[in-house]
Structure formats: structure tokens, C-alpha cells
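# Structure at a glance
Letter by letter, the chains look like this.
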Amino acid sequence: MVDLAEQEMDNPTFRSDTVLSDVHLHCPSKRHLMVRLNAVGQPVFLSYFKLLWSTEDLASGKHVREITTGREHRCRSGDEACEKDRSNIEKEGELNSEGVEALLDDDGDLEVVRRSRSASDLEAEDLLRDIVCPVILMKGKEDAFEEEEQECTCSDVIKIEHTMATPLEDVGKQVWRAAFLLADYILFKRDTFRCCSVLEVGGGTGITSIIMGTVAKRVYCTDVGEDLLAMCEQNVALNKHLMEQGGGEVKVKELDWLKDEFCTDPEAPYSWSEEEIADLLDHCSVIMAADVFYDDDLTDALFRTLYRITHNLRNSCTVYLALEKRLNFTLRHMDVTCEAYSHFRNTLNDLENLQDGKMKYTVEPIKLDFCQFLFYERIEQL
């Protein structure tokens, strides 16, 4: 296995659909330790992410949304807050279009404008991460884990197994920036989520569910794919001590957005029991998702799933969505666009305008002026 792993890292192959999260290139750990190959032959790395409990590095942004669902007689419809949000979105679209023009030079080439470094950036430079390179855990080097453990205290470090440079269908095996943003919000609003029953859709490696598990009573972390869910379950086990302090638990379950029902086959791994489904529908008050809006068909499927689940919940709930707005130059438009985000916004507006006599969805933006508790770059596209 070690020889094969060395070959994988010495001769990396990037296909046209290879996707790499830059979270893995810059992180507070001194190295990534490759621990194994997964079932499909991808190298799996173990990384350490440090919690900054005393840091108050405030940032701003526009792309976290809070959706509140409730019975129609309890909700607001067309009120001043919603109208203000719509006007802000229109202004935001105008600013974005101006920003896109500024990114092109006289010949139409994409021109990258780097933001100026603030004083807080310079002060945090020593605390932030160096560019790190993956390190293969060789035979006879198992004690490297013990050295790493000694450098980190158990109460302020999250250990996550993940992969790097995956094809698009395996992006859930990487850690993405919006997951850190949502985790920051959870830590900042700990009292809001305390003792809640929570569902995460598209949980991936499980880092956001693990953070939520430190304050919530129960978290159902869901995704699809046995290999991914096994990785997520391993990460929950690695960080179990963090959740035990608050009495919370994280359950890893399968939830396929392309199917209309929960998987209840007792022979299938990560299936739901009837008791777990009843517990979710009776007690869930929070649903969350981070960086899951990158494919239009999957976006449509996710919103259908959200509608189906919220329709069957006994109580009203709040859905927290975090995402990174990614700009891409497309030959089809010959321009810098963000089609996945545009489709997400349109679908979100359709949900808000939906009237079925029973449910009402109200969409509100969340200001990103809350503290940063994890090392990552909180860019304005979040």
C-alpha cells in the first residue's frame, strides 16, 4: 500500500474534471499525514484544524442565507425586511456586474486583482498557516501521530480525514471553506443551537456536523455513497470526545436527494430505522447545508428534498445555507459568470414565493460580522 501511495503522490494526475479545495493547501497543521487508500484508490489524509476560541477576527460578506419555515399563519409575507432583502439583492447584482467588468483587461483576458493586506492580516500572519505539502506516513513512522497529538490539545483541535484533488462527483470527500463559515456561525450562536435536533444534508467529511454536535443534542449527518459515509463516520469517531463534553451525538445516515424516501433497508449500511425517522420528524428544528450548490440538477434535487422534509416536520424549523460564490470564465458566455450561484438564487426565490396553503418560507440574509473561530480565509465571495 505504501508503494502505491508514493506513486500516487509522486505522479499526480489531474483530469479535466479534477477539483481541489484550497483549504487543504493552507491549514494550521504543519503537515498532512496520508493514512490509507480508500476503496477507490484515493489517498486519504488526516489534517488537524485548530479552534481559535479567543480570536475575534471579524469579517463581512453577503452569501449566507437563513430560511425560516413555519405554518402560514405564523410567518411574515412580503414584509419590510423581505422587500429590503430583495432591493439589496438587486443592488448586489449591479455591483457584481461592475466587478466582473473590472476583472477583464483591454484584450478581454481575466485579470486577477489581489486584495490589499490589512493590519489584522499582518498580525495574524504568524498564527496563520504556511503552505503545507502532503506527507506520506511510511512504514515505521507510525509514531508521527503521537508527535502530532503532543502538539495539539484535545479541546481545541478537530481531526478530519479527507481526500485531495477529487473528480467532481467526489467533492464531498474534501473540506470546503463554506463549511468553516457555517461552523463559525454555530460556535458564535451556541445558545441558539443548544439541545436542538439537527439535520445536515450533504455533510461530506462531517466537520460542520461535528461542530454542531458540541452544542446540539442530536445531529443527523447525511450524504450519499458508502465510501464517503464511512469517512464521515470515522471523523465523528475521531472527535467523539469533543461532543461528549456537551452530551451531544452525531449519527451518520444516508440521504439521497434523488430519492423520495429515506433508506430503511436494514441490510444497507447507514440506513434509517423507523425510530430515527420518527425522531427526526418530531424534533428537528434546524437543517443546514454547506457548499452543496455547484450543480443545477443537484440544487433542484436538494430543494425538493428540503421541501419534502420540512413539509413533514411537526414543528417549524430554520434552514442555514452557506456557500461560496465561485466566478468562472465560460466560453459559452465569453464572460466571467457564476451560473451555479444564479441558479441557486432563482430556486431560492421560487421557494420563497411558493404558496401551498400550509407552508411559508421566508428568506433572510445573515451578516457575516460574527467572530472567526477556525483558520481559513473568509473571502467576500462567502
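Criteria and thresholds
Residues numbered from 1 in each chain as written. Predicted model: local features only at pLDDT ≥ 70, side-chain atom pairs only at ≥ 80, totals over all residues. Heavy atoms only, no water. UniProt positions renumbered as here; feature names shortened; annotations may be inferred. Helix = DSSP H or I, 4+ residues; strand = E, 2+ residues; numbered from the N terminus. Buried < 20%, exposed > 50% of the residue type's maximum accessible area, 1.4 Å probe, protein only. Contact = heavy atoms within 4.5 Å. Areas by Shrake-Rupley, 256 points an atom, 1.4 Å probe, with all protein chains shown as cover. Pairing = 2+ DSSP bridges. Salt bridge = Lys/Arg side-chain N within 4 Å of Asp/Glu carboxyl O. Expected span 1.5 Å × (residues − 1).

Under the annotation held in an unreviewed UniProt entry, the protein chain carries the name Methyltransferase-like protein 22 and is attributed to Callaeas wilsoni. What the UniProt record of the protein chain gives under Subunit (unreviewed entry) is the line "Interacts with members of the heat shock protein 90 and 70 families; these proteins probably are methylation substrates." UniProt, in the comment section headed Subcellular location (unreviewed entry), describes the protein chain in these words: "Nucleus".

## Digging into the overall build of the protein chain
Within the protein chain, the secondary structure is distributed over 12 helices and 15 strands. Relative to its 382 residues, the protein chain shows a buried fraction of 48%. If you take every contact in the protein chain between residues at least 6 apart in sequence, the share linking residues at least 24 apart comes to 78%. Surface exposure of the protein chain reaches about 19,600 Å², of which carbon and sulfur atoms provide 49%.

## Describing the pairing of strand E6 (residues 157–162)
With six of six residues buried, E6 lies mostly within the body of the structure. Note: strand E3 (residues 43–50) against E6, six bridges, orientation antiparallel. Pairing of Leu46 across the sheet is with Glu161, part of E6.

## Thoughts on the pattern of salt bridges
Enumeration according to the criterion identifies 14 salt bridges in this entry. Between Lys173 and Asp227 there is a salt bridge; the shortest N-O distance is 2.9 Å. In this pair, Lys173 is assigned in the loop between strand E7 (166–167) and helix H5 (177–188) and Asp227 in helix H8 (residues 226–238), connecting sequence segments 54 residues apart. Here Asp282 makes a salt bridge to Arg314, at a shortest N to O gap of 3.7 Å.

## Notes on H5
Compared with an ideal rise of 1.5 Å per residue, which puts 12 residues at 16 Å, H5 spans 17 Å between its outermost C-alpha atoms and is within 8% of the ideal. Among the 12 residues of H5, 11 are classified as buried, and the element is accordingly described as predominantly covered. Burial in H5 covers these residues: Arg177, Ala178, Ala179, Phe180, Leu181, Leu182, Ala183, Asp184, Tyr185, Ile186 and Leu187.

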